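Okay, here's what each chain looks like letter by letter:
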Amino acid sequence: MTTTAPQLTPEQVKRYSRHIIMPQIGSRGQRKLMDARVLVVGAGGLGGPVALYLALAGVGTIGLVDFDVVDLSNLQRQVLHNSETVGMPKVESAIQTLNRYNPDVDVVPHEFPINSENAMDLIAQYDIVVNGADNFATRYLVNDAAYLSGKPIVDGSILIFDGQVSVYEPGKGCYRCLFPEPPPPGLVPNCAEAGVLGALTGTIGSIQATEAVKLILGVGETLTGRLLLVDALNMEFRVVRARRNPGCPLCGDEPTVTELIDYEVFCGLAPAPDQEGVAAAH
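Each value, and the rule that gives it
- Residues numbered from 1 in each chain as written.
- Predicted model: local features only at pLDDT ≥ 70, side-chain atom pairs only at ≥ 80, totals over all residues.
- Heavy atoms only, no water.
- Phe/Tyr/Trp six-rings, centres within 6.5 Å; stacked < 30°, edge-to-face > 60°.
- Helix = DSSP H or I, 4+ residues; strand = E, 2+ residues; numbered from the N terminus.
- Pairing = 2+ DSSP bridges.
- Axes fitted to C-alpha atoms, helices over the stretch in contact; angles between N-to-C directions.
- Contact = heavy atoms within 4.5 Å.
- Patch = residues over 30% accessible without salt bridge, like charges linked within 9 Å, V, L, I, M, F, W, Y side chains within 5 Å.
- Areas by Shrake-Rupley, 256 points an atom, 1.4 Å probe, with all protein chains shown as cover.
- Salt bridge = Lys/Arg side-chain N within 4 Å of Asp/Glu carboxyl O.

Help me out: how do you make sense of the packing of aromatic side chains in this one?
Any two aromatic rings considered together are summarised by their centre-to-centre distance and by the angle between their planes. With the rule as written, the count across this model stands at six aromatic pairs. Seen in terms of ring centroids, Phe-136 and Tyr-140 are 6.5 Å apart; in terms of plane orientation they differ by 45 degrees. Their pairing is tilted. Placement of the pair is Phe-136 and Tyr-140 together in helix α7 (residues 136–149), with a separation of four residues, close to one helical turn. Residues Tyr-263 and Phe-266 carry aromatic rings whose centres are separated by 6.4 Å and whose planes lie at 85 degrees to one another, so their mutual orientation is edge-to-face.

Structure, rendered in structure tokens:
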């Protein structure tokens, strides 16, 4: 990724000094971060630590998609919000928090549900997508829209004590390579039904933020082609191969998914405006 960001100011040199002294980043890499545009789907459990660490890293533009409001039950895990912002739209609460940490960052609110009508236009505005949605309709929608837009996606999910993260780059596989179709409705509970360890959102969200930063900088080996599985109860980390599937309905040799579809019907769900997943994501 090239950079058009201006030279760092003395204040920015001091703020990002621990990045600048790293040979993998330096001042040029920091300017890449300041040039980058990352879309975070969900300002909840995963989107919170993702957005927080991207803002601290100096990522110049962070888009937040969420149309939910802060609920007291969110505060067990959602670090962008606090007791004083209960009842406030999550994107507003998130902007307040992120601006306190780093006023250099432009946080762009998208206070609406992402759907098949707006997803392509929205994703086109960003370089990278980080998905923190906890329902299958949004997960498949974001995966398909990112692939069709030619944008890399950092995907993460959590439930109870378990989490997983992967990176999908165009031409190197997608979420459907592993899971061509969603499970039957009711087979897999969501976080509201089964619960989630609050600290695990920080673990998985931090890994997602790390992968996004590596993609921006073009350094290291990302989780592209690999799926990281985290068992926090036994504190075990396992990596499995997640290669492109030639039979994938989206990115395979003979794709059958060539445009966005009705994902609620595809996942066997009726749209639920008060469901946390599309809006708040874990």
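What's the story with the sheet that holds strand β8 (residues 236–241) in this structure? I'm lost.
Where strands meet in a sheet, backbone hydrogen bonds hold them as pairs that are either parallel or antiparallel. As summarised here, the arrangement of the eight strands in space is β3-β2-β1-β4-β5-β6-β7-β8, forming an open sheet in which the pairing is mixed. Bordering the open sheet on either side are β3 (106–110) and β8, each of which pairs with just one other strand. Taking each pair of neighbouring strands and ignoring which way they run, the sheet shows an average axis angle of 15 degrees. Where helix α5 (residues 90–101) meets the sheet, it contacts β2 (61–65) and β3, and its direction lies at approximately 175 degrees from that of β3. On top of the sheet, α7 reaches β1 (37–41), β4 (128–131) and β5 (153–159); it is set at about 170 degrees to β5, its chief contact.

Where do I start with unusual backbone geometry in this structure?
Negative phi is the rule for most residues except glycine; trans is the rule for most peptide bonds. Here Ile-160, not a glycine, exhibits a phi torsion of approximately 60 degrees, which is positive. Residue position: Ile-160 is located in the loop between β5 and β6 (162–168). Phi at Met-235 is positive, roughly 50 degrees, even though this residue is not glycine. Within the fold, Met-235 resides in the loop between β7 (226–231) and β8.

How do you make sense of a nonpolar patch on the surface when you look at a structure like this?
A grouping of Tyr-53, Leu-56 and Tyr-101 is seen on the molecular surface, where their side chains present a nonpolar patch of about 300 Å² in accessible area. Here Tyr-101 is to be found in helix α5.

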